[in-house]
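As a plain string of letters, each chain reads:
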Protein chains: 2
Amino acid sequence: MKRVGFIGLGIMGSGMSMNILRAGFPITVWNRTPSKMRPLIEAGASGASSPKEVAERSDVIIDIVTDSPDVEEVILGPNGVIHGARPGSIVVDMSTISPIVTRRIASELEKRGVRMLDAPVSGGDIGAREGTLSIMVGGDEDAFQECLPIFKAMGKTIIYVGDHGMGQMVKLCNQILVGINMLGVAEALMFASKAGVDLERAFTAISGGAASSWQLINNGAKLLKGDLEPGFKVSHYLKDLRLIMEASAEMKLPMLGTGLVYQLFRALDAEGLGEKGTQAIIRVIEKLAGCSLLNEKTKI
Amino acid sequence: MKRVGFIGLGIMGSGMSMNILRAGFPITVWNRTPSKMRPLIEAGASGASSPKEVAERSDVIIDIVTDSPDVEEVILGPNGVIHGARPGSIVVDMSTISPIVTRRIASELEKRGVRMLDAPVSGGDIGAREGTLSIMVGGDEDAFQECLPIFKAMGKTIIYVGDHGMGQMVKLCNQILVGINMLGVAEALMFASKAGVDLERAFTAISGGAASSWQLINNGAKLLKGDLEPGFKVSHYLKDLRLIMEASAEMKLPMLGTGLVYQLFRALDAEGLGEKGTQAIIRVIEKLAGCSLLNEKTKI
């Protein structure tokens with residue numbers, strides 16, 4: 001059974017590492033803020049003093065941190081994984097970061113005989129806790145097969161999608177839809193509200209057919225209760241939008257819908273609402289409309 | 001048991017009227033092109049020579065035609081329903097038309113003691129044939145209750161949403177989501193294609209989670225097969241988009257996402273693709289991108 005290392009014990013990482021531990025893998029953890037290691041260590045994990053030390057004690061080293069520079073730091077930095085990993089080991093980055101950075105890191109690791117997978121996830125903190133994440137994996141397919149039992153401890157839909165960076169690309173593809181669908185929900189509900197329609201009835205009428213989406217069913221329902229708490233934070237989504245814009249610029253691909261979504265989420269962040277959930281995009285739609293979703297009862 | 005009249009035996013109306021007939025209601029039908037009445041008459045319906053004559057023989061007069069002027073013609077025109085309907089009867093317009101025109105017609109009918117419901121549908125020709133439509137009903141609630149057994153012969157989700165025009169408003173709300181979600185699907189798949197991702201795997205990875213929608217599952221799958229045949233025609237959707245734009249202009253409501261969708265579908269129609277299904281929006285995305293969804297394998 002492979003020895004697993006786990007770096008990054010935030011909202012996602014704490015649930016995911018706990019599920020690996022419960023599945024019976026010996027696990028060594030590290031987190032920048034050491035106090036977050038305590039629950040894992042109490043449950044049977046061992047703690048390390050650096051990413052390098054995690055790598056020294058592991059066959060598969062997983063990290064899930066915030067952004068591209070954070071991944072570069074824990075993998076390639078002075079106390080990074082690269083200085084502890086032995087040839088033949090596998091680094092699995094489960095963060096959502098730039099596909100281009102992913103390929104650069106993979107190529108650095110390869111020089112030391114260390115293989116890399118990019119394996120970003122979808123499904124939020126609930127999916128992380130319950131082990132029901134979707135995991136989209138790019139990189140060497142043999143390494144994927146070797147890690148599959150570990151992925152199965154964390155997720156339900158686990159799909160190998162291609163070479164280095166392709167896991168990230170598919171995650172970004174996912175995030176394009178998340179944002180556009182959410183914009184649709186906000187615009188449609190504001191239209192109904194402004195028209196004076198009973199929002200609950202409109203929601204019931206449209207949520208079973210061709211207009212339906214995960215965003216409508218979940219975040220639309222939150223909006224009807226005035227609930228802007230995160231699920232998925234605006235500030236994190238803005239990072240993903242930035243990555244989409246960077247990747248599409250590299251590919252010289254125009255993105256009219258996603259470009260609009262990006263600017264509207266920028267406006268939302270400028271309102272100081274970066275810590276709310278993505279459904280808070282309704283605040284920008286309301287500002288443009290000059291009226292509130294839940295109070296407007298003007299008929300035409 | 002109410003005597004039903006049915007005007008408009010197109011793709012939708014032929015299936016819907018057949019289901020009313022099968023449910024045991026006596027039914028009188030009329031269609032502008034008389035040959036389309038034949039299958040109904042052979043199945044037991046009686047044919048009329050004008051909308052007026054349909055109204056003379058019916059308690060509830062249903063119409064489903066293309067656009068606002070068509071509804072005005074069959075209801076208020078020289079041989080229209082209004083000249084045959086007796087006080088106490090109910091007119092049910094199941095077309096998708098302007099909520100403002102709906103209210104004007106309702107007010108004309110009211111002067112003769114005739115009640116009106118606007119009851120647009122969602123679910124396509126399959127839903128019409130199988131009796132599984134969603135029906136969103138506006139107008140007098142007592143009239144809605146009287147017509148409920150007839151609606152149940154045609155649909156599965158039947159929801160009273162408010163006063164005259166509110167059925168239309170909820171239908172437009174539905175159509176806002178249909179278009180924005182479809183744009184998201186096209187843009188996300190083109191992003192994946194341009195990145196060189198295997199589209200089938202990307203589709204599998206993203207279709208079960210937060211990115212999921214009816215449009216992705218149904219029209220996205222069609223795009224992966226290169227299938228642009230309608231489901232729902234671009235030319236019909238453009239009519240709905242025009243109605244959304246008109247209603248939102250009346251309400252002084254800015255619609256950034258839907259406005260973009262409208263212009264892109266205009267471009268699609270300008271390409272001569274009005275008779276294709278709405279998933280053909282990929283052709284505009286491809287034109288903007290300068291490459292084809294199914295052939296592009298350029299990695300960045």
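Residues numbered from 1 in each chain as written. Chains lettered and ligands numbered in written order. Predicted model: local features only at pLDDT ≥ 70, side-chain atom pairs only at ≥ 80, totals over all residues. Heavy atoms only, no water.

### A few points about a negative patch on the surface
Residues and elements named next belong to chain A.
Point 1. Taken together, Glu-110, Asp-140, Glu-141 and Asp-142 make up a surface patch of like negative charges.
Point 2. Counting through the fold element by element, Asp-140 comes out in the loop between strand E8 (133–139) and helix H7 (141–154).
Point 3. Residue classification places Asp-140 among the partly exposed positions, given a relative accessible area of 31%. (Patch = residues over 30% accessible without salt bridge, like charges linked within 9 Å, V, L, I, M, F, W, Y side chains within 5 Å. Areas by Shrake-Rupley, 256 points an atom, 1.4 Å probe, with all protein chains shown as cover. Salt bridge = Lys/Arg side-chain N within 4 Å of Asp/Glu carboxyl O. Lys, Arg positive; Asp, Glu negative; His and termini not counted. Charge placed at Lys NZ, Arg CZ, Asp CG, Glu CD. Helix = DSSP H or I, 4+ residues; strand = E, 2+ residues; numbered from the N terminus. Buried < 20%, exposed > 50% of the residue type's maximum accessible area, 1.4 Å probe, protein only.)

### With respect to empty space enclosed by the protein
Point 1. Applying the stated rule across the entire model yields 1 cavity of 30 Å³ or more.
Point 2. In this model, the largest cavity occupies a volume close to 50 Å³.
Point 3. What lines the largest cavity is Ile180(A), Leu183(A), Gly257(A), Leu260(A), Ile180(B), Leu183(B), Gly257(B), Leu260(B) and Val261(B).
Point 4. When residues of the lining of the largest cavity are traced back to their parent elements, those giving at least two are helix H8 (166–194) and helix H12 (256–270) of chain A together with helix H8 (166–194) and helix H12 (256–270) of chain B.
Point 5. Considering each element in turn, the lining of the largest cavity owes the most residues, 3 residues, to H12(B).
Point 6. Grouping the amino acids of the lining of the largest cavity by side-chain chemistry returns 7 nonpolar, 2 polar and no charged. (1 Å grid on protein atoms, 1.4 Å probe; cavity = no way out; pocket = protein on both sides within 12 Å on 5 of 7 lines; lining within 4 Å. Points joined across faces, edges and corners; volume = space filled by probe spheres on them. Nonpolar A, V, L, I, M, F, W, Y, C, P; charged D, E, K, R; others polar.)

### Describing the interface of chain B and chain A
Reports of interface size often rely on the accessible area that becomes lost once the parts have come together.
Point 1. The interface of chain B with chain A comprises 63 residues on the first partner and 63 residues on the second.
Point 2. In this assembly, chain B packs against chain A so that about 5600 Å² is buried in total across both faces, 74% of it on carbon and sulfur atoms.
Point 3. At the boundary of chain B and chain A, one finds 0 salt bridges.
Point 4. Our enumeration of links across chain B and chain A arrives at 14 residue pairs in polar contact (both at pLDDT 80 or more).
Point 5. Residue composition of the side of chain B that touches chain A, by class: 41 nonpolar, 14 polar and 8 charged. (Contact = heavy atoms within 4.5 Å. Buried area = accessible area lost by both parts, 1.4 Å probe. Polar contact = N/O pair within 3.5 Å; in protein donor to acceptor, adjacent residues only side chain to side chain.)

### Notes on unusual backbone geometry
Residue and element names in this part refer to chain A.
Point 1. Residue Lys-252 is not a glycine yet carries a positive backbone phi of 55°.
Point 2. The topology assignment puts Lys-252 in the loop between helix H11 (234–250) and H12.
Point 3. The exposure class assigned to Lys-252 is exposed, which follows from its relative accessible area of 71%.

### Let's talk about the pattern of salt bridges
Point 1. Evaluation of the coordinates by the stated rule reveals 34 salt bridges over all chains.
Point 2. Lys52(A) is paired through a salt bridge with Glu56(A); the nearest N and O atoms lie 3.3 Å apart. Placement of both Lys52(A) and Glu56(A) in helix H3 (residues 51–56) is noted, with a separation of 4 residues, approximately one turn of the helix.
Point 3. For Glu56(A), a relative accessible area of 44% corresponds to the partly exposed category.
Point 4. One salt bridge in this structure joins Arg129(B) and Asp125(B), with 3.9 Å as the shortest N-O distance. One end of the pair, Arg129(B), and the other, Asp125(B), are both in helix H6 (residues 124–130), 4 residues apart, so they sit about a helical turn from each other.
Point 5. Residues joined by salt bridges that share partners form a network here, namely Lys2(A), Arg115(A) and Glu146(A).

### Overview of the packing of aromatic side chains
Point 1. Throughout the structure, instances matching the rule amount to 8 aromatic pairs over all chains.
Point 2. An angle of 65° between the planes, with centres 5.9 Å apart, marks the rings of Phe232(B) and Tyr237(B) as edge-to-face.
Point 3. Taken together through their ring pairs, the aromatic side chains of Phe144(A), Phe151(A) and Tyr160(A) make up a single cluster. (Phe/Tyr/Trp six-rings, centres within 6.5 Å; stacked < 30°, edge-to-face > 60°.)

### A word on the domain arrangement of chain A
All names here are of chain A.
Point 1. Structurally, chain A comprises domain 1 (4–163) and domain 2 (169–289).
Point 2. On the domain 2 side, the residues contacting the 14 residues of domain 1 number 10 residues.
Point 3. A combined buried area of about 1000 Å² lies between domain 1 and domain 2, and 65% of that area is made up of carbon and sulfur atoms.
Point 4. If you sort the residues of domain 1 by the area they bury against domain 2, Thr-96, Pro-99 and Met-136 come out on top, with a joint share of 40%.
Point 5. At the surface where domain 1 touches domain 2, the tally comes to 1 salt bridge.
Point 6. Arg-242 is paired through a salt bridge with Asp-67; the nearest N and O atoms lie 3.3 Å apart.
Point 7. Seen at the junction of domain 1 and domain 2, the total is 5 residue pairs in polar contact (both at pLDDT 80 or more).
Point 8. Counting only elements with at least two residues in the side of domain 1 that touches domain 2, the list comes to helix H5 (99–111) and strand E7 (121–122).
Point 9. Counting residues per element, the side of domain 1 that touches domain 2 draws most heavily on H5, at 3 residues.
Point 10. Considered class by class, the residues forming the side of domain 1 that touches domain 2 number 7 nonpolar, 5 polar and 2 charged. (Domains from an automatic or database assignment.)

### Remarks on the environment of Ala106(A)
Residues and elements named next belong to chain A.
Point 1. Looking at where Ala-106 falls in the secondary structure, it is placed in helix H5.
Point 2. Between the alpha carbons of Ala-106 and His-164 there is a distance of 7.3 Å; along the sequence they are 58 residues apart.
Point 3. When sequence neighbours within four positions are dropped, the list of residues in contact with Ala-106 reads Met-116 and His-164.

### Side note on the relation of the copies chain B and chain A
The pair of chain copies shares a relation made of a rotation about an axis and a shift along it.
Point 1. In screw terms, the move from chain B to chain A is a rotation of 180° and a rise of 0.0 Å along the axis, fitting with an RMSD of 0.0 Å. Given the turn and translation reported, the copies of this chain are related as if by a two-fold rotation axis. The rotation axis passes nearest to the C-alpha of Ser213(B) in chain B, at a distance of 1.9 Å.
Point 2. With an isologous cut-off of 70% or more, the 100% of interface residues of chain B that recur at the interface of chain A puts this contact in the isologous class. (Least-squares fit on C-alpha atoms with pLDDT ≥ 70 in both.)

### Quick word on H12(B)
Residues and elements named next belong to chain B.
Point 1. The end-to-end C-alpha distance of H12, which contains 15 residues, comes to 21 Å, matching closely the 21 Å that a straight helix rising 1.5 Å per residue would cover.
Point 2. Every buried residue of H12 is listed here: Gly-257, Thr-258, Gly-259, Leu-260, Val-261, Tyr-262, Leu-264, Phe-265 and Leu-268.
Point 3. A positive backbone phi angle near 85° is found at Gly-272, which sits one or two residues after H12. (Expected span 1.5 Å × (residues − 1).)

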